[in-house]
Every structure is written in C-alpha cells, then in structure tokens.
Amino acid sequence: MKISFIGGGNMARAIIGGLKQKGFNTADINVIELDAEKRAQLAQEFQVQTSEHLPSVSHSDVIILAVKPQQLRDLSIFLASLLKQQLIISIAAGIGCQALSRWLGGYDAIVRVMPNTPAQIQAGISGMYAAAGVSMEQREQANLLLSAAGATLWVDEESKIDAVTAISGSGPAYVFYFIEALEQAALELGLTAEQARALSLQTFAGASQLAAQSNATPATLRAQVTSKGGTTEQALRSMENAGVKQAIINAAHAAAARARELGELIGKD
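The shown structure was predicted, so the numbers you read here are calculated from the model rather than taken from an experiment. (Residues numbered from 1 in each chain as written. Predicted model: local features only at pLDDT ≥ 70, side-chain atom pairs only at ≥ 80, totals over all residues. Heavy atoms only, no water.)

J.: Got a sec to walk through the pairing of strand β6 (residues 110–114)? Specific residues and values, please.
T.: Note on strand geometry: in a regular strand, side chains alternate between the two faces of the sheet. Most of β6 sits inside the fold, with five of its five residues counted as buried. Of the two faces of β6, the one carrying I110, R112 and M114 and the one carrying V111 and V113 are both buried. As judged from the three bridges shared by strand β5 (residues 87–90) and β6, these two strands associate in the parallel manner. From the neighbouring strand, I88 faces β6, where its bridge partner is I110. Following the chain from β5 across helix α4 (residues 97–103) to the adjacent parallel β6, one finds a crossover that is right-handed. Pairing geometry for β6 and strand β7 (residues 124–130), over four bridges, is antiparallel. (Buried < 20%, exposed > 50% of the residue type's maximum accessible area, 1.4 Å probe, protein only. Helix = DSSP H or I, 4+ residues; strand = E, 2+ residues; numbered from the N terminus. Pairing = 2+ DSSP bridges. Right-handed = clockwise from strand over helix to strand, strands pointing away.)

J.: Go over unusual backbone geometry with me, naming the residues and quoting the values.
T.: Residues apart from glycine generally show negative phi values, whereas peptide bonds are mostly found in trans. Not every positive phi belongs to a glycine, and Q47 is a case in point at roughly 60 degrees. Mapped onto the elements of the fold, Q47 is located in the loop between α2 (36–46) and β3 (49–51). Using a relative accessible area of 41% as the deciding quantity, one classes Q47 as partly exposed.

J.: Residue-level account of helix α1 (residues 10–21), with values.
T.: Counted at 1.5 Å a residue, the expected span for α1 with its twelve residues is 16 Å, and the 16 Å between its end C-alpha atoms agrees. Within the sequence span of α1, burial applies to M11, A12, A14, I15, I16, G17, G18 and L19. In the stretch just after α1, G23 is the one whose phi turns positive, near 90 degrees. (Expected span 1.5 Å × (residues − 1).)

J.: Residues and numbers for the pairing of strand β8 (residues 150–154), please.
T.: The pairing of β7 with β8 spans five bridges and is classified as parallel. Residue pairing in the sheet places S126 in a bridge with T152 of β8. Between the parallel pair β7 and β8, the chain is carried across by helix α5 (residues 136–147), and the sense of this crossover is right-handed.

J.: If you had to explain the packing of α1 against α2 to someone new, which residues and values would you point to?
T.: Axis separation between α1 and α2 bottoms out at 11 Å; the angle between their running directions is 15 degrees. As the angle between them shows, α1 and α2 are arranged roughly parallel. Here the hand of the crossing between α1 and α2 comes out right-handed. Contacts between α1 and α2 involve R13, I16, G17 and K20 from the former and Q41, L42, E45 and F46 from the latter. (Axes fitted to C-alpha atoms, helices over the stretch in contact; angles between N-to-C directions. Parallel < 35°, antiparallel > 145°, perpendicular 65-115°, else oblique. Left-handed = near helix turned anticlockwise from the far one by under 90°. Contact = heavy atoms within 4.5 Å.)

J.: Outline the pattern of salt bridges, listing residues and values.
T.: Tallied over the full model, the rule gives nine salt bridges. Its salt-bridge partner being R258, residue E261 comes within 3.1 Å of it at the nearest N-O pair. Pair noted here: E261 and R258 are both in helix α11 (residues 244–267), with a separation of three residues, about one helical turn. Assessed through its relative accessible area of 40%, R258 is described here as partly exposed. Shared partners join several salt bridges into a network, and the residues in it are R112, E158 and D162. (Salt bridge = Lys/Arg side-chain N within 4 Å of Asp/Glu carboxyl O.)

Written out as structure tokens, the structure reads:
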C-alpha cells in the first residue's frame, strides 16, 4: 500500500510514527509539504519520501488530507484531476464528505476522520465515517492506517462526527484543563510544583486505566471512592453546587454546535 500525506503537521507525524513503530515500510509513504525544513525533518526522522509537488500523489493507493480546513477547497479542486481509484482520507475538522466530494468533482471514495492529539504517542482515538463510494477493502485500509495512532471508532451517520469532535477531538483539552485546576489547588494547599504535577497526572492516568479495565460504570467507581461524610463527598458536593457536571455537558454541546457551524461555513462554497 502506497500512501501520500498532503501536509506534514503534527497529526500526519503521529500517524507516520505509529506506522513506523508497527513495522510499515515508510519508504512507501510520500509527504507533500511546502515547508523545506519540515520536509527535511520528516525524511530524516521517518525515512519517508517527501515532495513539494502535488502531482506526486498520483501513484498512491491512499491520499490523506492533513491540511487546515480553510485550505481544503482549493487543494481538492486541484487534486480532482489526479484521482483514479485512490482512497481519500480527510482529517480536516468540520468539512463534510458532501462538500469535499463536490470540490473533488463528484469523487466519493472518501473516509472522514476526527483524530485527537494523544495520537502523537499512539494513544489516540479516531472517529471515522465512510462515504458511499468507499469499498470494504478501502474501509479496511483506512482502519489499518488510523489504528497506527490508537483506537478507531466507526459511526454510521456523518452527523455523529460532530459529536466525536466535541467528545474526543476537543476532549484532551478538557482533561488538561482539569489537570491544570488540580495542580493549582495542590500549590495552594502547600505542595511543590513537582509534587502537584506528579499527583495530578498519576491520579488522572490511574483513574482512567481503572475505568478502562473495570466492568463497573464511572458512577459506580466514583461511589466506591466516596465515603459518607468523608473528604471526597465534601469535594463532590462542592462541584455539584457549582454546577461543574452540567458545565462540562454544556461545553461539549457548544463544541458540537461550533463543529457544525464551521462545516457549514467553510463547506458552503
């Protein structure tokens, strides 16, 4: 399988790094990147082929669009004449398959993906949707490539990608925000910066692993930590009184709404 990445940014690097770690022959990967310094770094670190010229993608089996959403329209219009039977994978946030297919001259062998930043350490999760023109073999190709960066999750309706964006796409920022708050609280309670960081990070990592490995629901696990009249109960009561849970839910809804809005705005042309 020969793969071309258009764009050599962080997410492209994450997927390429995962593929290399899994033993994929990186000489079969071509990265189109305008920045000469980035091209040199990619070639040195991953032993991939690099180019600044878009026509070099024409011999690929899979083309991964890893550019900013605002760049996708002009790129796709130019790319349309180079397509034969390649699978197009788009990781550009917000841009729907219908708009992308229109820009590609009606081409619809498209898989839309919403990855997230833990892909940089092969610990991400990618929400994926296949348009009507995607064959079963191409679906398996897409799954193979994205699983190099972590877990994959397929949705049966493209509109659900907005929900994926709100939960897992933006989700790492919510987690980092909570870690920031725990670290700040630890400092205010007299711990050093090093102690605050160690306690906050390991607590989050350990709790996440426990939830992933347990058959119990998060609500049950929370109850197991919460003794009546104890410290945890007092902390949770404070959060409930401050509306923390509902604020998080509202934030996810706001992110999903913004994802829809951006998709409609950029994809209307």
